[in-house]
Amino acid sequence: MSLDQAESAARPAAGSAPREAGRRTGGTAGRRGRGRRSGRWWTPWLFLAPALLLFLYFKFIPMASALTMSFQDVQPYLGNRWVGTENYATVLQSSGFREAAWHTVVLAVGETVGSMSLGFALALLMEGQSRRLGFVRSAAFLPVVVPIAVVAELWRIMYHPTGDGMLNSVLGVVGLGPSGFINDPDTSMASIMLTGVWRGAPYDMMIFLAGLTSVDRGLYEAAKVDGASRWQRVRYVTVPGLRSVFSILFILAAIRGLRVFTEVFLLTNGGPNGSTEVVMTLIYKLGLEQNRLGVGAAGAVLLFVATLILTIVVQLLRRRESK
């Protein structure tokens, strides 16, 4: 064999060694990468596990228990008796429940419209990058972070029915007579509604402020060049640009209104004469004061179903508009 033939025979053998090593290295790295990827899927769940366990124990298990109790005559320490849909029939045929449901709807609609309208107006006024606006936003957001029990007590003091009460003193300055507010059946619902709007509007304001950053500023300039007034720019540019924000806030505000309890319980406890009785306070009284846990659980399930239906309807309407 000549020298050239020997060199040509040796070249493939020498070149195959790096390729074989590369295949071995690539295969090892690929298996290692797949191992890392397959081992990462449980990492987020590991961090979420404590919260999920708390939700499971304090929310989902009680919800399942309430659903079971709604079909039973609950007798603590004596054993529960299955009654089927009797609890639901009792709730739906009760005039007190129908009145409480009507009060809940009125309160939810009033608080939803009021908080969204006021929150949108505040967002328009406080939009900008000034440091002073940042301080004003923080001050306006304080009602949201204050505990609801403190808010209820604050407004209860402000609603003092005598002439020297805080709000009655303000009414006296403008020549209006003193009002009973939460002590008067004619004004008690509006008084609670005002408290809910005062507390919910700053939350809606912050959501609107976040949504305003996504509105194209070029549209404002184009509308201004076309001679549109400030109100027309808000109507034809800002509102359409915040359509998704409006739908989300509507769902949140409606759910907040349907589940209202603490402020009603602390301010009036459903009074005077049942004028502010809502579904949540009625469920509380049926379940914990009258010990009719099955009937109270049935009312809670009905409220949950109503909230779920409202959410689904709004989402379907939103999808239809987006098509």
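These remarks concern the structure in this document. Counting of residues starts from 1 at the beginning of each chain's written sequence and follows it residue by residue. It should be noted that, the model being predicted, local features are given only for residues of pLDDT at least 70 and side-chain atom pairs only at 80 or more, the latter also being counted only at that level, while totals for whole chains, interfaces and linings use all residues. Side-chain numbers here rest on the full set of heavy atoms in the structure, without hydrogens or water.

1. As for the layout of surface pockets
A cavity here means a set of 1 Å grid points, computed over protein atoms only, where a 1.4 Å probe fits but cannot escape. A pocket is an open set with protein on both sides within 12 Å along at least 5 of 7 lines, and lining residues have an atom within 4 Å of a point. Grid points are joined across faces, edges and corners, and a volume is the space filled by probe spheres set on the points. Here the largest pocket defines a volume of roughly 980 Å³. Met-63, Ala-66, Ala-300, Val-301 and Phe-304 are the residues nearest the centre of the largest pocket, which is lined by 26 residues in total. Broken down by secondary-structure element, the contributors of at least two residues to the lining of the largest pocket are helix H2 (43-69), helix H13 (279-289) and helix H14 (293-322). Among the elements that line the lining of the largest pocket, the one with the most residues is H14, at 10 residues. Under this grouping Gly is polar, as are all residues other than the nonpolar Ala, Val, Leu, Ile, Met, Phe, Trp, Tyr, Cys and Pro and the charged Asp, Glu, Lys and Arg. In the lining of the largest pocket, the residues fall into 19 nonpolar, 5 polar and 2 charged. Considering only enclosed or pocket space, the second largest pocket measures out at about 330 Å³ in volume. Each helix corresponds to a stretch of at least 4 residues labelled H or I by DSSP, and each strand to a stretch of at least 2 residues labelled E; elements are numbered beginning at the N terminus.

2. Points about unusual backbone geometry
For the bond from Gly-271 to Pro-272, the omega torsion is -10°, close enough to zero to count as cis. As for its position among the elements, Pro-272 is in the loop between helix H12 (262-267) and H13. A positive phi angle is found at Asn-273, which is not glycine, with a value near 60°. Residue placement: Asn-273 occurs in the loop between H12 and H13. Unlike most non-glycine residues, Asn-291 shows phi in positive territory, near 60°. Note that Asn-291 resides in the loop between H13 and H14.

3. Regarding the environment of Glu-277
Mapped onto the elements of the fold, Glu-277 is located in the loop between H12 and H13. Assessed through its relative accessible area of 13%, Glu-277 is described here as buried. With 174 residues separating them in the primary sequence, Glu-277 and His-103 have C-alpha atoms 6.7 Å apart. Side-chain polar atoms of Glu-277 contact the side chain of Thr-281, separated by 2.5 Å. Categorising residues by exposure relies on relative accessible area from a 1.4 Å probe, with only protein chains included: less than 20% of the type maximum marks a residue as buried, more than 50% marks it as exposed, and the intermediate range marks it as partly exposed. Between N or O atoms, a polar contact is any pair within 3.5 Å; within protein, one atom must be a potential hydrogen donor and the other a potential acceptor, and residues adjacent in sequence are included only when both atoms are from side chains.

4. Section: the packing of aromatic side chains
Side-chain rings of Phe, Tyr and Trp, where Trp is taken by its six-membered ring, are said to pair if the distance between their centres is within 6.5 Å; with planes under 30 degrees apart they count as stacked, over 60 as edge-to-face, and otherwise as tilted. Going through the model one piece at a time under the given rule, you end up with 13 aromatic pairs. Where Trp-155 meets Tyr-159, the ring centres are 5.4 Å apart and the plane angle is 50°; that geometry is what we call tilted. Residue classification places Tyr-159 among the buried positions, given a relative accessible area of 1%. Taken together, the ring pairs in this structure connect Trp-155, Tyr-159, Phe-181 and Trp-198 into an aromatic cluster.

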